[in-house]
Amino acid sequence: MDPRSELSLLPPQWQSELSQARIEPVESGMGGASLFRIARDGAAPRYLKIAQNGVAPALRQEIERTRWLAQRGQRVPAILCTDDGLGHAAMLMEAVSGVPADVSPLPPLRLAEALARGLAALHALPAAQCPFDESLAVRFARAAAAIAAGEVEAGAFAPRNRGIAPEALLARLIAGPPPEDVVVVHGDATLSNVIVDGVGAIGFVDCGNAGRGDGYLDLGVLAADIEDHFGNEAATHFARAYGGQVWDEAKARFYSDLYELF
């Protein structure tokens, strides 16, 4: 879609302020929302996210959860303004300084350690104060809805799950869930959603699924992504650097399998 046509959804003041900017679509997994890079000469880039119709509630959720994390000292996008109109929602935000972890120039082991440190800090936030529920019950229900809507692509499953129907994978997971140790999680902790600066400071984007959940909801997904991109040594270093517990490989695999359904 032409970004200028989506701008017509926004208030006139937004349209006026954005009319002189270079607006570049960003193509990545946005869950149905449209993301644009807003560039002005001599100014740091900003990002505009717009969601329409059935996707708008998810963006409203992302706005609320991102603000909650920001208020607790996490490096997340600074939301400059929001618009909640009839059938759409939008937010304009500043970028988190750094680059996505999957393209970070840091050496893999140093990167893995930085990721572990950043995730441990997020998980150390007081879960009892977090109002957002990302427990297994919530995740199972969301996965079932995605399957029913035909949104799960079994062909994209990891090799160990190839040939398994989404319904069968979900049934297997529901039949044998591990005990939950609740912390504050990001909820979609892929390398592309973790931002790393030049000194290894960690930030998070796409925070719409942050909330109370088991830490392995993040750990299993991120460890698998690290192994895919940087190899087993980096993934093992990440697991060790996270600290505070003995790494539970079975639990990591369970949550990595659950992530297949999202």
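On a predicted model such as this, the values are computed, not experimentally measured, just so you know. (Residues numbered from 1 in each chain as written. Predicted model: local features only at pLDDT ≥ 70, side-chain atom pairs only at ≥ 80, totals over all residues. Heavy atoms only, no water.)

1. What to know about a negative patch on the surface
Right, on to step 1. A cluster of like negative charges, contributed by E227, D228, D248 and E249, occupies part of the molecular surface.
Right, on to step 2. When its relative accessible area of 66% is taken as the criterion, D228 is described as exposed. (Patch = residues over 30% accessible without salt bridge, like charges linked within 9 Å, V, L, I, M, F, W, Y side chains within 5 Å. Areas by Shrake-Rupley, 256 points an atom, 1.4 Å probe, with all protein chains shown as cover. Salt bridge = Lys/Arg side-chain N within 4 Å of Asp/Glu carboxyl O. Lys, Arg positive; Asp, Glu negative; His and termini not counted. Charge placed at Lys NZ, Arg CZ, Asp CG, Glu CD. Buried < 20%, exposed > 50% of the residue type's maximum accessible area, 1.4 Å probe, protein only.)

2. Topic: the sheet that holds strand 2 (residues 34-39)
Sheet strands line up and pair through hydrogen bonds in the backbone, either parallel or antiparallel.
Right, on to step 1. With antiparallel pairing, the 5 strands of this open sheet are ordered in space as 1-2-3-5-4. Bordering the open sheet on either side are strand 1 (22-26) and strand 4 (79-85), each of which pairs with just one other strand. Across the sheet, the mean angle separating the axes of adjacent strands is 20° when strand polarity is ignored.
Right, on to step 2. Across 7 bridges, the pairing between strand 3 (residues 46-52) and strand 5 (residues 88-94) is antiparallel. Along strand 5, the bridge assignment pairs K49 with M91.
Right, on to step 3. Contacts between helix 3 (residues 56-71) and the sheet are confined to strand 3, strand 4 and strand 5, with strand 5 contributing the most and set at about 35° to the helix. (Pairing = 2+ DSSP bridges. Helix = DSSP H or I, 4+ residues; strand = E, 2+ residues; numbered from the N terminus. Axes fitted to C-alpha atoms, helices over the stretch in contact; angles between N-to-C directions. Contact = heavy atoms within 4.5 Å.)

3. Examining the sheet that holds strand 8 (residues 194-196)
Right, on to step 1. Taken together, the 3 strands give an open sheet; going across it, the order is 6-8-9, and neighbouring strands pair in antiparallel fashion. Each having just a single partner strand, strand 6 (99-100) and strand 9 (202-204) make up the two edges of the open sheet.
Right, on to step 2. The sheet contact formed by strand 8 and strand 9 spans 3 bridges and is antiparallel. For I195, the partnering residue across the bridge sits in strand 9 and is G203.

4. Notes on the pairing of strand 4
Right, on to step 1. As defined by bridge partners, strand 4 adjoins strand 5 across 6 bridges and the pair is classed as antiparallel. Bridged to T82 within strand 5 is M91.
Right, on to step 2. The turn joining strand 4 and strand 5, which pair antiparallel and follow one another in sequence, is formed by 2 residues; a positive phi near 80° is taken by G87.

5. A look at helix 8 (residues 232-242)
Right, on to step 1. Restricting attention to buried positions, one finds in helix 8 the residues A234, A235, F238, A239 and Y242. Considered in projection along helix 8, the buried side chains sweep an arc of 140° and stay on one side of the axis. Of the exposed residues in helix 8, the ones pointing more than 90 degrees away from its buried face are E233 and R240.
Right, on to step 2. Along its buried surface, helix 8 packs onto helix 4 (108-123) and helix 7 (216-230).
Right, on to step 3. One or two residues past the end of helix 8 sits G243, with phi positive at roughly 75°. (Arc of directions from axis to C-beta.)

6. Some points on unusual backbone geometry
Right, on to step 1. Phi at N53 takes a positive value of approximately 50°, unusual for a residue other than glycine.
Right, on to step 2. Structurally, N53 is set in the loop between strand 3 and helix 3.
Right, on to step 3. Under the relative-accessibility criterion, N53 is labelled exposed at 59%.
Right, on to step 4. Although it is not a glycine, D206 sits at a positive phi angle of roughly 50°.

7. Concerning the nonpolar core
What tends to happen in soluble globular proteins is that the nonpolar side chains get buried as a cluster.
Right, on to step 1. In terms of nonpolar packing, the biggest core is built from 49 residues, with L69, L115, F238 and L261 touching the most fellow members.
Right, on to step 2. Take this core: its biggest share by element is 7 residues, from helix 4.
Right, on to step 3. Ranked by size, the runner-up nonpolar core spans 12 residues in total, among them L10, F36, L48 and A90. (Core = buried A, V, L, I, M, F, W, Y, C linked by side-chain atoms within 4.5 Å.)

8. Description of the state of the cysteines
The bond known as a disulfide is covalent and runs between the sulfur atoms of two cysteines.
Right, on to step 1. In total, this model carries 0 disulfides according to the counting rule given.
Right, on to step 2. C207 supplies the cysteine sulfur nearest to C81, a cysteine that is in no disulfide, at a spacing of 18 Å.
Right, on to step 3. In this structure C207 comes out as buried when scored by relative accessible area, which is 0%. (Disulfide = S-S within 2.5 Å.)

9. With respect to the pattern of salt bridges
Right, on to step 1. In the structure shown here, the tally under the stated rule is 12 salt bridges.
Right, on to step 2. Its salt-bridge partner being R65, residue E134 comes within 2.8 Å of it at the nearest N-O pair. In this pair, E134 sits in the loop between helix 4 and helix 5 (136-148) while R65 sits in helix 3, placing the two residues 69 residues apart along the sequence. Judged on exposure class, the residue E134 and its partner R65 are both buried.

10. Regarding the packing of aromatic side chains
Geometrically, a pair of aromatic rings is defined through the distance of the ring centres and the angle of the planes.
Right, on to step 1. Overall, the coordinates contain 4 aromatic pairs when judged by the stated rule.
Right, on to step 2. Between the aromatic rings of W68 and F132, the centroid separation amounts to 6.2 Å while the plane-to-plane angle is 85°, which identifies the pairing as edge-to-face. Remark: F132 occurs in the loop between helix 4 and helix 5 and W68 occurs in helix 3; sequence separation between them is 64 residues.
Right, on to step 3. A residue is classified by how much of its surface remains accessible, and F132, at 7% relative accessible area, is buried.
Right, on to step 4. With centroids separated by 5.2 Å and ring planes inclined at 75°, the aromatic side chains of F254 and Y255 adopt a geometry described as edge-to-face. Here the two residues F254 and Y255 agree in accessibility, since each one is buried.
Right, on to step 5. The side chain of R139 reaches across the aromatic face of F262, ending 5.3 Å from its centre. (Phe/Tyr/Trp six-rings, centres within 6.5 Å; stacked < 30°, edge-to-face > 60°. Lys NZ or Arg CZ within 6 Å of the ring centre and 35° of its normal.)

What is shown is where atoms sit, not what they do.
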